[in-house]
Amino acid sequence: MSILKRFFIAGRPHMSKLILAIVFMFVLTGLGMVRPYLAKLLIDDAIIGGRYELVPRLALATLGIAVLRGLFSFVQYYLKEGFGQATVYDIRNALYSKLQSLPWSFYDEAQTGQLMSRVTGDVEGIRVFLSRGIVSYCDFIFIVIDALFILFYTNWKLTIVALAFLPFLGHAVLKFDKKVRPAYSATREEMAKLTSFLQENITGVRVVKAFAQEPGEIQSFAQRNDGVRQRRLYSSRIWAESFPYMDLLSNISGVLVLWYGGYLVSKGELTVGSLVAFNSYVWTLIWPVRDLGWLTNLLEQALAAGERVYELLDWGSRISNPPDAVVLEDIKGHVEFQDVGFAYPGRPSVLAGINVSAPPNTIVGILGATGSGKSSLVNLIGRFYDTTQGQVLVDGYNVKSLDLESLRAGVGYVPQETFLFSASIRENIAYARPDASLEEIEKAARAASAHDFIVDLPEGYDTIVGERGVGLSGGQKQRVAIARAFLKNPRVLVLDDATASVDMETERHIQEALSELMQGRTTFIIAHRISSIMHADEIIVLDKGKIVERGTHDQLLKHGNIYPEIYKNQFKDKDGLAELVVREQGQAKSELTSRAQV
């Protein structure tokens with residue numbers, strides 16, 4: 001009942017459509033109750049009574065009722081469908097808004113296919129019930145009340161006989177209801193699993209082909225597909241077992257009416273026309289009772305879908321704006337980590353005792369082995385995750401006290417795994433600032449060493465990159481993502497191994513651009529290559545979630561243990577090149593600093 005109540009709460013803004021649909025349904029049902037009475041008059045008065053002049057009048061009345069029912073049926077269908085569509089429109093929007101507001105931690109475990117199934121298939125199940133089920137239930141109640149009144153008024157003894165098997169029919173419907181709901185819930189779960197598997201494998205189809213695993217994946221899909229088939233067959237078996245029994249009970253009631261009604265006609269207690277009309281009213285009552293199975297099916301599917309939809313809508317998030325959130329109008333970019341510790345839910349600690357102070361116009365390089373906590377550390381700045389110990393400060397404010405939108409508006413983020421939308425390069429770069437001019441977009445692309453390869457593409461900046469940027473190489477996608485971050489013009493810039501997919505020459509050009517673009521910004525650079533961070537004001541080396549070494553490039557080479565070892569491995573037989581890169585970058589930075597001071 002709680003799920004059903006929430007359906008009506010969701011539909012409250014559009015309730016006028018539903019109410020009008022129910023009103024038209026009452027009119028339709030009332031007109032339907034007149035037709036058996038017209039048949040009675042035709043038989044008793046016109047044919048048996050010899051009043052043949054009534055035949056054309058009764059025929060016209062029947063035709064008029066048919067026309068009115070057609071018109072009212074059209075309006076009623078349009079209104080009830082409008083109510084269902086408008087309500088699920090709001091529910092679907094609420095779901096998408098929820099998905100946009102959920103933190104990164106939710107998506108660490110959520111399956112894309114499962115989420116898509118809830119937003120599409122489950123919402124559609126709710127729509128069918130809202131559009132058809134609610135009005136049909138009201139119609140059922142009205143028909144039962146009207147039909148019972150007319151039947152008892154016509155002949156109470158025949159009514160009792162006619163209703164003798166109705167309790168058994170009701171019991172069959174309730175039994176069907178008890179079985180079909182868990183069956184439909186299980187079917188939806190299996191379908192969601194199949195959708196998730198399909199989405200994952202289509203996304204990773206290149207990996208499948210690279211390892212020649214097509215036969216295995218086809219077999220795995222067939223197994224999951226068979227799971228859906230078995231669930232649906234089980235649901236169909238419930239239908240097959242229930243509805244023939246309901247048909248049998250309905251027809252027995254009809255036979256009893258004809259048998260006992262014929263007896264009453266022979267005794268003069270009932271006219272032939274009344275018997276014909278009575279039989280029509282009995283079937284008018286039986287059909288809605290039988291349709292309870294169909295209505296129950298709609299309701300149970302909607303409730304099963306509603307449980308999954310509202311489970312997602314009710315998913316609580318610890319990362320949200322506090323009631324008195326501070327809005328940062330102009331972020332200066334002073335970032336501090338004070339005794340920060342962090343652990344993913346249900347997992348061991350990833351970071352412990354992290355203390356870093358990065359004033360504006362400071363570059364912090366972060367180095368460490370895979371799994372040392374580098375990405376986890378920078379993800380705390382934009383509050384994509386919350387610390388489990390200590391605090392992260394931006395301009396002296398704990399990020400947990402800041403308005404999320406204003407905080408993230410001041411942070412530019414280039415993730416390790418580059419994601420591009422299936423749109424033009426222009427739209428992908430301008431994603432951070434949709435109102436940016438082409439000149440601004442080109443300027444950001446030049447800064448990221450992306451302009452040259454973009455203009456060489458068939459449509460230039462209007463080239464569609466394909467799903468997830470499949471039309472570009474890894475290095476090209478990375479440079480587009482960097483250009484997107486530059487266009488945002490953030491006060492805090494986070495580069496999570498942003499040059500990992502580019503060659504040495506391209507990296508050199510990007511580093512030159514970064515030297516200029518980092519001026520006036522607080523920049524955190526995660527890198528596996530020392531060449532990407534050797535110019536940083538401070539370099540921290542992480543190991544198992546702790547800072548084990550820190551200092552400048554020269555200081556770490558002289559006094560460090562892990563850093564010199566990494567340097568040696570990366571620049572083995574390339575010491576001359578390494579020193580040249582350091583010298584060039586240091587000179588470039590000194591010139592820029594001098595110009596800034598002037």
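Residues numbered from 1 in each chain as written. Predicted model: local features only at pLDDT ≥ 70, side-chain atom pairs only at ≥ 80, totals over all residues. Heavy atoms only, no water.

1. Quick word on the overall build of the protein
Across its full length, the protein holds 20 helices and 10 strands. Here the protein has a C-alpha radius of gyration of 36 Å; the compact-globule value for 598 residues is 25 Å, and the former is much larger. With the C-alpha coordinates aligned to their principal axes, the bounding extent of the protein is approximately 120 × 50 × 45 Å. Within the protein, the fraction of its 598 residues that count as buried is 46%. Restricting to contacts in the protein with at least 6 residues of sequence separation, those with at least 24 account for 77%. As displayed, the protein has an accessible area near 30,500 Å², and 58% of this comes from carbon and sulfur atoms. (Helix = DSSP H or I, 4+ residues; strand = E, 2+ residues; numbered from the N terminus. Rg over C-alpha atoms; globule rule 2.2 N^0.38 Å. Buried < 20%, exposed > 50% of the residue type's maximum accessible area, 1.4 Å probe, protein only. Contact = heavy atoms within 4.5 Å. Areas by Shrake-Rupley, 256 points an atom, 1.4 Å probe, with all protein chains shown as cover.)

2. Observations regarding helix H2 (residues 15-48)
When the terminal C-alpha atoms of H2 are compared, their 49 Å separation across 34 residues agrees well with the 50 Å that a helix rising 1.5 Å per residue should span. Its axis deflected by about 30 degrees at Leu42, H2 carries its strongest bend there. At the exit of H2 stands Gly50, carrying a positive phi of roughly 80 degrees. (Expected span 1.5 Å × (residues − 1). Bend = angle between axes of the 7 residues up to and from the residue.)

3. Section: the sheet that holds strand S2 (residues 349-358)
The strand order across the open sheet formed by 4 strands is S2-S1-S4-S5, and the pairing between neighbours is antiparallel. Whereas interior strands pair on both sides, the edge strands pair on one side only; in this sheet they are S2 and strand S5 (397-398). Taken together, the 6 bridges between strand S1 (residues 335-343) and S2 define a ladder with antiparallel strand orientation. By the bridge assignment, Val340 is partnered in S2 with Ile354. (Pairing = 2+ DSSP bridges.)

4. Examining the packing of helix H1 (residues 2-11) against helix H5 (residues 112-154)
In the contact formed by H1 and H5, the axes pass within 12 Å of each other and the chain directions differ by 80 degrees. Viewed along their axes, H1 and H5 adopt a mutual orientation that is roughly perpendicular. In this structure, H1 contributes Leu4, Phe7 and Phe8 to the contact, and H5 contributes Ile126, Phe129, Leu130 and Ile134. Grouping the amino acids of the contact of H1 with H5 by side-chain chemistry returns 7 nonpolar, no polar and no charged. (Axes fitted to C-alpha atoms, helices over the stretch in contact; angles between N-to-C directions. Parallel < 35°, antiparallel > 145°, perpendicular 65-115°, else oblique. Nonpolar A, V, L, I, M, F, W, Y, C, P; charged D, E, K, R; others polar.)

5. A few points about the pattern of salt bridges
Under the criterion given, the structure shown has 13 salt bridges. Across the pair Asp386 and Arg383 runs a salt bridge, and its minimum N-O distance is 2.7 Å. We classify Asp386 as buried; its relative accessible area is 15%. The exposure class of Arg383 is buried, given its relative accessible area of 4%. (Salt bridge = Lys/Arg side-chain N within 4 Å of Asp/Glu carboxyl O.)

6. Observations regarding the nonpolar core
Residues Ile425, Ile429, Ile454, Leu472 and Tyr563 are the most contacted members of the largest nonpolar core, which totals 42 residues. Elements that contribute at least two residues to this core include exactly strand S3 (363-368), helix H13 (425-429), helix H14 (438-447), helix H15 (451-455), helix H16 (474-488), strand S7 (492-496), strand S9 (538-543) and helix H19 (562-570). Per-element tally for this core: the top contributor is H16, with 7 residues. Within the second largest apolar cluster, 34 residues are counted, among which are Ala10, Met25, Ile126 and Leu299. (Core = buried A, V, L, I, M, F, W, Y, C linked by side-chain atoms within 4.5 Å.)

7. Let's talk about the packing of aromatic side chains
Per the counting criterion, the structure on display carries 16 aromatic pairs. Aromatic pair Phe26 and Phe142: ring centres 4.6 Å apart, planes at 55 degrees, arrangement tilted. Here Phe26, found in helix H2, pairs with Phe142, found in helix H5; they are 116 residues apart in sequence, far enough to count as distant. Using a relative accessible area of 36% as the deciding quantity, one classes Phe26 as partly exposed. Judged by relative accessible area, Phe142 falls into the partly exposed class, the value being 22%. Considering the side-chain rings of Phe342 and Tyr344, the 4.7 Å spacing of their centres and the 80 degrees angle between planes classify their relative orientation as edge-to-face. Here Phe342 matches Tyr344 in class, with each residue buried. (Phe/Tyr/Trp six-rings, centres within 6.5 Å; stacked < 30°, edge-to-face > 60°.)

8. Things to note about the pairing of S1
Count of turn residues in the S1/S2 antiparallel hairpin: 5 residues, of which Gly346 carries a positive phi of about 75 degrees. Looking at chain direction, S1 and strand S4 (residues 389-394) are connected through 5 bridges and run antiparallel. Within the sheet, the bridge partner assigned to Val335 lies in S4 and is Val394.

9. Concerning the environment of His334
Relative to the helices and strands, His334 is located in the loop between helix H10 (272-313) and S1. Each C-alpha atom, one on His334 and one on Tyr137, is 62 Å from the other, the two residues being 197 residues apart in sequence. Excluding residues within four positions of it along the chain, His334 makes contact with Ser357, Ala358, Pro359, Pro360, Leu393, Val394, Asp395 and Thr522. A distance of 3.4 Å separates polar atoms of two side chains, one belonging to His334 and the other to Ser357. (Polar contact = N/O pair within 3.5 Å; in protein donor to acceptor, adjacent residues only side chain to side chain.)

10. A word on a nonpolar patch on the surface
On the surface, Leu60, Leu63, Val67, Leu68 and Leu71 cluster together into a nonpolar patch covering about 490 Å² of accessible area. Its place among the elements puts Leu71 in helix H3 (residues 54-101). (Patch = residues over 30% accessible without salt bridge, like charges linked within 9 Å, V, L, I, M, F, W, Y side chains within 5 Å.)

11. Section: the sheet that holds strand S10 (residues 546-551)
If you walk across this open sheet you meet the 6 strands as S6-S7-S8-S3-S9-S10, and the pairing is mixed. Strands with a single pairing partner mark the edges of an open sheet, and in this sheet they are strand S6 (411-414) and S10. For this sheet, the mean inter-axis angle between neighbouring strands, taken without regard to orientation, is 15 degrees. In the sheet, S6 pairs with S7 via 4 bridges, with the strands oriented parallel. When the sheet's bridge partners are listed, Gly412 is paired in S7 with Leu493. Sitting on the sheet, H16 touches S6 and S7, and the angle it makes with S6 is about 175 degrees.

12. Concerning the side chain of Gln76
Along the chain, Gln76 falls in helix H3. Not counting residues within four places of it along the chain, the set of residues in contact with Gln76 comprises Ala21, Phe24, Met25, Leu28 and Val135.

13. A few points about the confidence of the model for the protein
Within the protein, residue pLDDT values average 83, and 91% of them lie at 70 or more. Within the model, the stretch residues 575-598 combines pLDDT values under 50 with 17 contacts to residues more than four positions away or in other chains. (pLDDT = per-residue confidence, 0-100.)

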